[in-house]
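Chain residues, written in single-letter form:
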Amino acid sequence: MNDTVARITGAARGIGLATAALFHAEGRRIVMLDRDAEELADAAATLPGALAITCDVSIPQQVAQAIKDGQTNIRAPRHSG
């Protein structure tokens, strides 16, 4: 298993979600960041073990808190097989 962590902004949809899915498939631990909490939760539910953190990256305090939360709460992805 790959022990790296991918932190992905805009992860609730589009390119961000596709990037999260790709890194997850590679076995990386995933921290998904997005401003839209509901959409982010739905997206994270499709990637077992991913950590979803609601964060507006234009607000430095939220970014700092997201980094702390991610370091504290990330877990390894669960793959079947």
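Residues numbered from 1 in each chain as written. Predicted model: local features only at pLDDT ≥ 70, side-chain atom pairs only at ≥ 80, totals over all residues. Heavy atoms only, no water.

A. Summary view of the environment of Ile53. Tracing the sequence through the fold places Ile53 in strand β3 (residues 51–54). Judged by relative accessible area, Ile53 falls into the buried class, the value being 10%. In this structure the C-alpha to C-alpha distance between Ile53 and Val63, which are 10 residues apart in sequence, comes to 9.9 Å. When near neighbours in sequence (up to four residues on either side) are disregarded, Ile53 contacts Val31, Met32, Leu33, Asp34, Leu40, Ala66, Asp69 and Gly70. (Helix = DSSP H or I, 4+ residues; strand = E, 2+ residues; numbered from the N terminus. Buried < 20%, exposed > 50% of the residue type's maximum accessible area, 1.4 Å probe, protein only. Contact = heavy atoms within 4.5 Å.)

B. Looking closely at the environment of Ala41. With respect to the helices, strands and loops of the structure, Ala41 is situated in helix α2 (residues 37–44). Overall, Ala41 belongs to the partly exposed group, its relative accessible area being 43%. A sequence separation of 29 residues divides Ala41 from Ala12, and the C-alpha atoms of the two residues are 7.8 Å apart.

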